[in-house]
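Structure assessment
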Amino acid sequence: MPLIEFEEGTSFMHKLDPLSKLGWSFVVLVWLLAMRDPVPVLALGLLVIAVGRLGGGLSAIELLLTTAKLSVIALPIVLIQALLYPGQTALAAGPFGPITREGISFGLAIALRIVGVVAASTIVFKTTDPRDLVYGLHRHLHIPYRFAYIIFAGLRFIPLMQYEAATIREAQTVRGVYLARSPSLLDRLRALPSKPLQWKTFLVMLIANGLRHVPASTIALEVRGFGLHSHRTFYREHRVDRRGPIFALAWLAAMVAYLVLTGTSLMRSVQSTL
Amino acid sequence: MLEAERLSYWFPSRASTPVEPKGMEAPPIERAALKEISVRFQPGEFVLVVGPSGCGKSTFIQALLGVVPALTGGTVAGRVRLDGEEVLARGLAGVAGKVGLVLQDPESQLTNLDVEGEVVFGPENLGLPREEIARRLDWSLTVAGIGPLRNRFVYALSGGQKQRVAIAAGLAMRPRVLLLDSPTSNLDPIGGEETLKAIVDLWRGGAVELIVMAAHKIDDVLPVATRLLVMSEGRIILDGPPESILTQHLLALRDELGIFVPELCELAVLLNAGQGQPINVDGTAAALRERVRVGLALPVEGAASSTPTAARQALPLTGGPPAVEVADLHFAYEPGLPVLNGVSLSIERGQFVALLGQNGTGKTTLAKNIAGLYRPTGGTIRVGGVETTSSATYLRSGKVGYVFQYPDHQFVALTVADELAYGLRARAIPEPEVAKRVALMLELFKLSAHRDAPPYGLSMGEKRRLSVATMLVLRPDVLILDEPTTGQDRHNTVALMEVLRQEARERGMTIIQITHDMEQAAEYADRVMVMDGGRIVFDGTIEALFADAELLEQCHLKPTSTSSVCRLAWPELQMAPATPGRLAQLLPSLTFPLPE
């Protein structure tokens, strides 16, 4: 089972067209980037989760868990900013200087933005049939089908790559690549310097194995006439729900209104430009 | 209908061109992968293409389609025509919709998320009307026998199901010709049966007019094939009715070319059965009864695929604990979904055990638990008397080796020599000893010429030998192999199995081999274990397994042809020989009727 997978459903979000949902997630991204304070960023993130729960019929806990898995870099960012960001209000002494309230706030804001963007993207992918997404990119944005298909192909091979990654890891463990997985803490610490090489070995083999499939996949595509004609039929019916554009525009309006009312630096720079 | 005329092909080099330009000399023919092949195929034919690994079977199939050289590059000479139209010059554009292709690897050739999407993909690309696509979709799913799978995701299907989806996707293009490149090599017996049945059904039903299928093992499809092509070193050396070719050239095909000859054909030739009639179990059994009646033995050298029974007997090395002991083992990937349900077994040192059973019965899971890759949820495992259940893998690495099904998953180094040395260096073996063992393995597995080559640049057979060598160089006490001879020709298979057998005898290495190949298990295993539903349901000799018809049916296993023929000839025989070699040894002592 892939980490993010489309889940069939009949919810409000399921019925919206893919491009409107992508537009909505883009609005969320811009909105998150425009806010510096972690509290409103958190509030917006929770609102996004609520959209997924109430509008998408998704389990809030599963959504949070998936988001957490994909936001692994968020925690290190908080720590790095707390330790390095220059601020006014010192809270404690750190190894590189004082740990400041501003540093923690800045780090939290970045981390919560990442979580918010990941949550929005997760909702889009869980409620969007990839076939509809490819159709939308091709028909409405006029992206050539061959390029739109790339997204589709990526999704098709993700489960295979996950399986192969697990098998490669097992195979390399047997070879001794992960000999450092000792119950002894001292052994594990001693083996730390070799970790980058182990990761490199693993990634090289993963990529090499992925490339192994390319010739056969290419032949299969060509034999089935992929790209043969400029015009192709789409067997599945794709209906565009009017609520999609309305939903995305409503969020856009809300974002603009918030930014104007709160006078963010982004809006100030836009206003001064105009 | 489809023909090749003086077709030659050279793989890409630095100075290659797609089509032989005028005025330029072609490279020497000796270096060609295909050498001046001329052949014609007619509607209604079911053609099998066989040959040793590297003979050019796959390249030939791809050339018929125009894949070569359009997608592969290289230099080509000669012609391929489909209904009079040139194929090579036009590339795949010329054959899309006319020729279908099913490849060996079910994963790589499916390029959509779901079954329906996969099947309609080709007609969509052709720009056909939706109504026509809908008709083709329904028809293809029905002919391939996968109607219920219509809305399933491709990644969730079994290997056999995926191959049938690939067949349906090809059929949706309504090709007149279907080309198949070893479509059952990577499948378990049930998957292989399902796939072959679909192929045979659509040929018999007239869904396609011509089938050309490359394969290593042809036992199950031989009864329907109308023509056999035998390839060697890029040429077609034999072309004619399958049984005629197999019976007239059996020893040359088996022993010189290294082709898997159906066991039934071997027996029939040995017994002079058939004689112009179709080769089948009944006729061969009758010939066997007659031979015994008149007191004739079988020529042992003709059945030289077996070693004497004495050498095959279990070689438990006396003294010391069992090599592997498993007690009441339980394992689940997820809570509530157990895979192993109380497995218990004991294997002595030096034994060669075949682990049989359908996919999903727990064979690989059991093997990985023994290797230490998984931690069981209950029960214990002992290797050489030492409990290893709670140990980390590294404690066992070196003691228990594991060879994965696909060698590509296992490589970690940039050269063959470094690949062999890797495990030794990781275990701090002194460098002089490393050099000595590496040299020994290079020699034993005939890889010396590739010492400095990258592992990924080797042929499939060479990769397979290297993957086994990387484990044997560590001198493990126990070696587990997962389908080590999949897709290999007979020469490579026998060479590999003989090395393993030698190691078991000389060093007392215990071998556990997961396999679907019943002939191979009969040939090499001292003992077989059958798994079903996460448990071991049989543990004994293969002859005893074949005597249990009910168990065979329950576990979807088929006996060897030798066993079937012997059982038919002597229904009262308790333990029928399982290989032609053992039958030849036993025959002098058999009389008809059997003594009380």
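Residues numbered from 1 in each chain as written. Chains lettered and ligands numbered in written order. Predicted model: local features only at pLDDT ≥ 70, side-chain atom pairs only at ≥ 80, totals over all residues. Heavy atoms only, no water.

To continue, consider the overall build of chain B. Looking only at helices and strands, chain B has 22 helices and 20 strands in total. If you take every contact in chain B between residues at least 6 apart in sequence, the share linking residues at least 24 apart comes to 70%. Accessible area of chain B: about 23300 Å², with a carbon and sulfur share of 52%. (Helix = DSSP H or I, 4+ residues; strand = E, 2+ residues; numbered from the N terminus. Contact = heavy atoms within 4.5 Å. Areas by Shrake-Rupley, 256 points an atom, 1.4 Å probe, with all protein chains shown as cover.)

Turning to the overall build of chain A, a few remarks are in order. Of the regular secondary structure elements, chain A holds 13 helices and 2 strands. Within chain A, the fraction of its 274 residues that count as buried is 45%. For chain A, the proportion of contacts with a sequence separation of at least 24, taken over those separated by at least 6, is 71%. For chain A, the computed accessible surface area is about 14600 Å², with 69% contributed by carbon and sulfur atoms. (Buried < 20%, exposed > 50% of the residue type's maximum accessible area, 1.4 Å probe, protein only.)

At the interface, 63 residues of chain B touch 55 residues of chain A. At the junction of chain B with chain A, the criterion picks out 5 salt bridges. Among the ionic pairs, R175 of chain A bridges to E419 of chain B, the shortest N-O distance being 2.5 Å. Our enumeration of links across chain B and chain A arrives at 20 residue pairs in polar contact (both at pLDDT 80 or more). Put simply, the parts of the chain that give the side of chain B that touches chain A at least two residues each are α1 (57-65), β6 (99-102), α3 (115-125), α4 (130-144), α5 (159-171), α13 (393-396), α14 (416-426) and α16 (460-472) of chain B. (Salt bridge = Lys/Arg side-chain N within 4 Å of Asp/Glu carboxyl O. Polar contact = N/O pair within 3.5 Å; in protein donor to acceptor, adjacent residues only side chain to side chain.)

What follows concerns the packing of aromatic side chains. Geometry of an aromatic ring pair is reported as the spacing of the ring centres plus the angle between the planes. Residue and element names in this part refer to chain A. The tally for this structure, following the rule as stated, stands at 23 aromatic pairs over all chains. Between the aromatic rings of Y135 and F234, the centroid separation amounts to 4.9 Å while the plane-to-plane angle is 85 degrees, which identifies the pairing as edge-to-face. Of the two residues, Y135 is situated in helix α7 (residues 130-139) and F234 in the loop between α11 (214-223) and α12 (243-262); the sequence distance between them amounts to 99 residues. An aromatic cluster of at least three residues, connected via ring pairs, comprises F12, W24, W31, F247, W251 and Y258. (Phe/Tyr/Trp six-rings, centres within 6.5 Å; stacked < 30°, edge-to-face > 60°.)

All names here are of chain B. Counting residues in each nonpolar core, the largest one holds 70 residues, and the members touching the most others are F46, I211 and L288. Per-element accounting of this core gives the leading share, 6 residues, to helix α6 (residues 189-204). Other than its neighbours up to four places away in sequence, F46 contacts I199, V200, W203, I211, V221, V224, A225, T226 and R227. Among the nonpolar cores identified, the runner-up in size contains 67 residues, and L340, Y374, L442 and Y524 belong to it. (Core = buried A, V, L, I, M, F, W, Y, C linked by side-chain atoms within 4.5 Å.)

With that out of the way, let us pick up unusual backbone geometry. Here the bond from V68 of chain B into P69 of chain B is cis, since omega is 0 degrees, no more than 30 degrees from zero. Tracing the chain through its elements places P69 of chain B in helix α2 (residues 67-70). Look at H142 of chain A: it is not a glycine, yet its phi comes out positive at around 60 degrees. By the element assignment, H142 of chain A lies in the loop between α7 and α8 (145-175).

Attention now goes to the sheet that holds strand β9 (residues 227-232) of chain B. All names here are of chain B. Pairing is mixed across the open sheet formed by 6 strands, whose spatial order is β6-β7-β8-β3-β9-β10. Only two strands of the sheet have a single neighbouring strand rather than two, namely β6 and β10 (235-240). Here the average twist between neighbouring strands, direction ignored, is 15 degrees. Contacts between α6 and the sheet are confined to β3 (46-50), β7 (177-181) and β8 (210-214), with β8 contributing the most and set at about 155 degrees to the helix. (Pairing = 2+ DSSP bridges. Axes fitted to C-alpha atoms, helices over the stretch in contact; angles between N-to-C directions.)

The next thing to look at is the pattern of salt bridges. All names here are of chain B. Counted according to the given criterion, the structure contains 44 salt bridges over all chains. Between K162 and E107 there is a salt bridge, with the nearest N and O atoms lying 2.4 Å from each other. Within this pair, whereas K162 is found in helix α5, its partner E107 is found in the loop between β6 and α3, the two being separated by 55 residues in sequence. Take K162: its relative accessible area is 6%, and that puts it in the buried class. E433 is the partner of R437 in a salt bridge, and the nearest nitrogen-oxygen pair spans 2.9 Å.

All names here are of chain B. Counting buried residues along helix α12 (residues 363-371), 8 of its 9 residues qualify, which places the element largely inside the surrounding structure. Three or more residues of α12 are buried, namely K363, T365, L366, A367, K368, N369, I370 and A371. Once α12 finishes, G372 follows within two positions and takes phi at roughly 90 degrees, a positive value.

This next bit is on the confidence of the model for chain B. Residues and elements named next belong to chain B. Here chain B averages 85 in pLDDT, while 89% of its residues score no lower than 70. Within the model, pLDDT remains below 50 along residues 14-23, and this stretch shows 12 contacts once partners closer than five positions in the same chain are excluded. Scored below 50 in pLDDT, residues 591-596 makes 9 contacts in the model with residues more than four places away or belonging to other chains. Under the prediction, the complex receives an ipTM of 0.80, its pTM being 0.80. (pLDDT = per-residue confidence, 0-100.)

This part takes up the sheet that holds strand β11 (residues 324-334) of chain B. All names here are of chain B. Spatial ordering of the open sheet is given by β12-β11-β14-β15, a layout of 4 strands whose pairing is antiparallel. At either end of the open sheet lies a strand with only one pairing partner, and these are β12 (337-347) and β15 (386-387). As defined by bridge partners, β11 adjoins strand β14 (residues 378-383) across 5 bridges and the pair is classed as antiparallel. Bridging from a neighbouring strand, V326 pairs with I381 of β14. In the packing of α12 onto the sheet, contacts are made with β11, β12 and β14, and the angle to β11 comes to roughly 115 degrees.

All right, on to the packing of helix α5 (residues 74-84) of chain A against helix α6 (residues 101-127) of chain A then. Residues and elements named next belong to chain A. Axis separation between α5 and α6 bottoms out at 7 Å; the angle between their running directions is 160 degrees. Judged by the inter-axis angle, α5 sits roughly antiparallel to α6. As for how α5 packs across α6, the hand of that crossing is right-handed. From α5, A74, I77, V78, Q81 and A82 reach across to α6, where they touch G103, I104, F106, G107, L108, I110, A111, I114 and V115. Considering only residue class, the contact of α5 with α6 consists of 11 nonpolar, 3 polar and no charged. (Parallel < 35°, antiparallel > 145°, perpendicular 65-115°, else oblique. Left-handed = near helix turned anticlockwise from the far one by under 90°. Nonpolar A, V, L, I, M, F, W, Y, C, P; charged D, E, K, R; others polar.)

What follows deals with the pairing of strand β17 (residues 478-482) of chain B. A regular strand carries its side chains on alternate faces of the sheet. Residue and element names in this part refer to chain B. The buried fraction of β17 amounts to 5 of the 5 residues, a majority that puts the element mostly inside the structure. Of the pairings in the sheet, the one linking strand β16 (residues 400-403) to β17 comprises 4 bridges and is parallel in character. Counted as the bridge partner of G401 is L479 from β17. In terms of strand pairing, β17 meets strand β18 (residues 510-514) through 5 bridges, oriented parallel. Each bridged residue has a counterpart across the sheet, and for V478 the counterpart in β18 is T510. Handedness of the crossover joining β17 and β18 through helix α17 (residues 490-507): right-handed. (Right-handed = clockwise from strand over helix to strand, strands pointing away.)

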